[in-house]
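Now for the letters of each chain:
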Amino acid sequence: MSRHRNIRNMCEDDYYDYEDDDYYDDDEYWEEEEEHNSNYQEQERVRKEQPTPNKNAPPVSVKSTSIAASSPLKKEVKISVPSSSSSASILDKERTEKERLVISMGFTSDKARASLENHGWDVQQAINDLLSNPEISNDKSMTMAPPPKFMPPPPALGDHQGRNATLEFRVGTTKKDKKIETSEFPSVKVSSHNTKSVNLSGVDLPKSSQKLSSNASLSTSSKVSEAKIKTKTISPEMKKKLESQKSRLSMVILGHVDAGKSTLMGQVLVQMGMVQNRTVAKYQKEASEIGKASFALAWIMDEDESERERGVTIDIATKYITTENHDLTILDAPGHADYIPAMITGAGVSDVGILVVSSTKGEFESGFDLATGKGGTRGHVGQTREHITLAKALGVSQLIVAVNKLDAADPAWSQSRFNEIQSKLEPFLKQSGFNLRRVQFVPISGLTGINVKKAPSKDDAASAGLAEWYNGKTLMMAINSFEPAKRNIDKPFRFIVSDLYPEGKGLVVKGRVAQGIISAGDEVVVLPTGDIASVTRIDHGVVSAKANDDFDAERVKIALAGDSCDLIIGGIDIARICTGNILSDVPMQLRPKLKKTMKAQILVLDDLSVPIIRGSQVLMHMHCLDVPAVISNIISKLNKKDGSTIPRPRVLTGGSNATVQIKLQERICLERYSDCRSLGRFVLRRGGDTVAIGIIEDLED
């Protein structure tokens with residue numbers, strides 16, 4: 001209690017009443033002052049009477065109690081100081097404590113005492129001498145059992161990696177003892193290197209004693225741990241059965257706004273028997289009442305009320321269909337320019353795609369041709385062109401171009417109009433990186449359903465015009481002819497969360513398995529939060545409902561790379577997981593890295609209006625995430641003329657292929673493109689326009 005409070009009590013009598021627990025009397029203060037002074041004088045007398053210690057012996061320091069006594073924040077402790085006659089007993093106690101310290105390192109009592117006596121009771125030299133003896137350092141019987149009066153260091157050392165952390169061994173009696181005897185020893189600092197022992201501030205500890213540090217064992221045995229930890233795999237019998245089963249593909253629906261994407265997918269679901277007729281009749285009646293009769297099929301995909309009122313798809317709609325060769329997950333992406341981020345989300349988790357283009361005069365041109373502004377400058381880019389570029393950059397390798405509304409062309413089912421659209425799209429598709437052998441053009445009518453599942457016939461008046469010149473595949477035949485995608489099942493598990501909602505006592509996490517395998521009952525870690533959750537059940541949608549044999553029953557209990565499914569997880573709060581998080585294997589060596597700086601190779605789009613320079617601010621889109629970023633450095637640029645590399649260019653214009661350094665605003669899960677494609681590719685946008693696409697080459701701290 002300070003003097004100021006007592007002075008205030010004397011000046012203001014009503015500040016504290018006598019019933020207050022904090023009332024402090026001046027007489028008590030002076031009594032404690034006298035007691036403190038007497039203790040201090042006794043300590044000084046004993047210190048002067050103590051003999052000078054031997055130079056070879058370690059210094060024995062008794063912590064002064066004057067600091068604790070004078071500090072107002074610490075409670076007074078009465079300390080009894082030994083007299084000069086007991087100096088020999090104090091020395092014996094110090095030696096005993098030093099002997100216990102050496103024993104705690106894993107050595108026997110006899111060897112510890114002999115080494116201490118040989119080195120003048122110097123703890124540090126004694127431990128170094130014991131470790132230098134190969135017979136002692138390789139003794140497997142050594143254990144780490146701290147003596148009863150030693151206080152082990154706390155588990156958390158401040159530094160997350162365990163580097164430059166300090167461990168102090170404190171010697172003292174228990175709380176029940178009235179006497180407090182302290183002895184100082186050198187602080188022990190942890191540092192890791194490749195030798196057999198870990199250097200602890202001059203004291204080499206054996207491997208068995210590395211448990212004293214929080215993370216030192218990770219740095220010395222990381223290679224051994226990585227060798228022991230293996231990714232989860234499936235049996236050869238299961239692989240053989242999977243090869244004979246239908247492949248699973250995710251199919252994104254692309255195209256300019258009002259091209260008829262949702263209507264076409266609604267027609268596909270109706271003709272495949274995935275929607276009941278009474279549901280279609282209900283939508284037709286409701287759409288007619290508000291004057292939007294032609295939107296009835298689109299409402300099958302657009303289930304949100306705001307989407308139905310505006311007649312525009314806003315978010316990704318997910319449906320399932322099954323063909324002869326594939327189980328497909330349909331992702332209906334929005335076509336409006338304002339909802340490009342949602343389109344990136346759908347394309348980023350898809351294997352194949354359908355590009356829907358409108359064949360009516362003016363609609364195709366508005367979606368594909370480049371608009372020009374004042375003075376001939378480049379203006380708005382149509383979504384057909386932008387969707388093609390983004391789809392290829394985000395992993396879509398096979399494409400169907402559905403030339404829609406050809407029955408409304410002039411004339412109806414015009415072959416010349418179909419050929420014109422095909423001739424304009426093919427060069428751009430090839431320029432964007434698509435293999436034209438994996439691109440199919442199919443004329444259709446999404447509203448009437450002509451050439452969707454049933455081929456056109458000359459006997460049918462509605463499709464006779466198309467049957468005269470077209471004898472190719474229907475849309476469903478083209479979908480069924482998709483080639484199965486290659487899956488990385490043997491790599492560490494990665495699951496991209498696209499949506500979630502609570503269900504009962506657990507959470508339903510919707511998304512796609514990017515690589516690896518997961519089964520019901522496994523534990524996963526949610527990144528970047530680091531929380532552990534358990535997978536209680538896996539829902540594969542329509543595939544789970546149609547499991548009719550033993551193999552299907554086993555198949556729906558696991559999720560492999562490429563599966564779009566729902567994971568029902570428990571043991572985690574809904575506030576600790578969100579869209580864009582990654583579910584991974586629990587072992588640290590199998591988790592993706594949390595980084596904010598990366599070295600990437602980017603391709604700048606041709607229609608770039610403002611060049612990219614060092615320090616340009618962009619928005620990086622990756623699967624379900626969009627993170628603000630800065631192009632901190634332009635490392636090199638590819639010379640288009642001779643293929644040489646131009647180091648440190650000042651500016652990047654349209655069509656440039658460059659290597660840059662990108663710094664994100666926050667840490668997210670990133671991986672090299674060679675390690676995980678889904679977490680290694682991205683899109684850069686600025687001011688509502690896509691400026692570049694790229695892949696991650698390396699990660700930096």
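Scroll up for the structure.
Throughout this description, residue numbers start from 1 for each chain and increase along the sequence as written. Given that the model is predicted, a residue must reach a pLDDT of at least 70 before its local features are reported, and side-chain atom pairs must reach 80 or more before they are shown or counted; all residues, however, enter totals for whole chains, interfaces and linings. Hydrogens are left out, water is left out, and the side-chain values use all remaining heavy atoms of the structure.

Observations concerning the overall build of the chain
Scanning the chain from N- to C-terminus turns up 22 helices and 31 strands. Burial classes: relative accessible area under 20% of the type maximum marks a residue as buried, over 50% as exposed, and values in between as partly exposed (1.4 Å probe, protein chains only). With 701 residues in all, the chain has 44% of them scored as buried. The contact criterion used is simple: two residues touch if any of their non-hydrogen atoms lie within 4.5 Å. Put simply, of all contacts in the chain between residues at least 6 apart along the chain, 68% involve residues at least 24 apart. The way it works is that DSSP assigns letters per residue, a run of H or I at least four long becomes a helix, a run of E at least two long becomes a strand, and they are numbered from the N terminus.

A word on the sheet that holds strand β18 (residues 523-527)
The 6 strands lie next to each other as β15-β16-β21-β19-β18-β22, forming a closed barrel whose pairing is antiparallel. For this sheet, the mean inter-axis angle between neighbouring strands, taken without regard to orientation, is 45 degrees. Whether two strands pair depends on DSSP finding at least two bridges between them. Sheet topology note: the β18/strand β19 (residues 531-539) ladder contains 4 bridges and is antiparallel. Bridged to Val525 within β19 is Ile532. Orientation is described by axes fitted as lines to C-alpha atoms, over the contacting stretch for helices, and by angles from 0 to 180 degrees between their N-to-C directions.

A few points about the nonpolar core
Here, the term nonpolar core denotes a set of buried Ala, Val, Leu, Ile, Met, Phe, Trp, Tyr and Cys residues that are joined through side-chain atoms within 4.5 Å. In this structure, Met251, Ile354, Val401, Leu425, Leu429, Leu475 and Ile479 are the most contacted members of the largest nonpolar core, which totals 70 residues. Ile602, Leu608, Ala629 and Leu699 belong to the second-largest nonpolar core, a separate cluster that totals 26 residues.

A few points about unusual backbone geometry
Most peptide bonds are trans, and most residues other than glycine sit at a negative phi. Here Asp410 and Pro411 are connected by a cis peptide whose omega angle stands at 0 degrees. Its place among the elements puts Pro411 in the loop between β13 (398-404) and α18 (415-432). For the peptide bond that leads from Leu527 to Pro528, omega is 15 degrees, which places it in the cis range. Not every positive phi belongs to a glycine, and Trp121 is a case in point at roughly 60 degrees. Within the secondary structure, Trp121 is located in the loop between α5 (109-118) and α6 (123-132). Positive phi, normally seen in glycine, also occurs at Lys405, with a value near 60 degrees.

Looking at the environment of Lys486
Inspection of the secondary structure assignment puts Lys486 in the loop between α20 (475-480) and β15 (494-503). In this structure Lys486 comes out as exposed when scored by relative accessible area, which is 84%.

Some points on the environment of Ser109
By secondary structure assignment, the location of Ser109 is in helix α5. Relative accessible area serves as the criterion here: at 36%, Ser109 is assigned to the partly exposed category.

With respect to the sheet that holds strand β14 (residues 439-443)
The 6 strands are arranged β8-β9-β7-β10-β13-β14 in an open sheet whose pairing can be described as mixed. Looking along the sheet, the strands with just one partner apiece sit at the ends: β8 (317-322) and β14. Direction aside, neighbouring strands of the sheet carry axes that sit 25 degrees apart on average. Note that strand β10 (residues 352-358) and β13 share 7 bridges and pair parallel. Pairing of Val356 across the sheet is with Ala402, part of β13. This element, α18, spans β10, β13 and β14 of the sheet and lies at about 160 degrees to β14.

Points about the side chain of Ser564
Positionally, Ser564 belongs in strand β21 (residues 564-570). Given a relative accessible area of 15%, Ser564 falls into the buried group. The contact partners of Ser564, leaving out residues within four places of it in the chain, are Ser250, Tyr320, Thr329, Gly511 and Arg512.

Considering the pairing of strand β16 (residues 506-515)
Counting buried residues along β16, 9 of its 10 residues qualify, which places the element largely inside the surrounding structure. Note: β15 against β16, 9 bridges, orientation antiparallel. Within β16, the position partnered with Ile496 by the bridge is Arg512. Where β16 lies against β21, 6 bridges are found, and the strand directions are antiparallel.

A short note on the packing of helix α15 (residues 340-348) against helix α17 (residues 383-393)
Taken N-terminus to C-terminus, the directions of α15 and α17 make an angle of 35 degrees; their axes are 10 Å apart at the nearest point. The chirality of how α15 crosses α17 is right-handed. Residues Ile340, Met343, Ile344 and Ala347 of α15 form the contact with α17, whose participating residues are Gln383, Glu386, His387, Leu390 and Ala391. Following the grouping adopted for this structure description, the nonpolar residues are Ala, Val, Leu, Ile, Met, Phe, Trp, Tyr, Cys and Pro, the charged ones are Asp, Glu, Lys and Arg, and the polar ones are all others, Gly among them. Of the residues in the contact of α15 with α17, the class split is 6 nonpolar, 2 polar and 1 charged. Left-handed describes a crossing in which the near helix is turned anticlockwise from the far one by less than a right angle; the clockwise case is right-handed.

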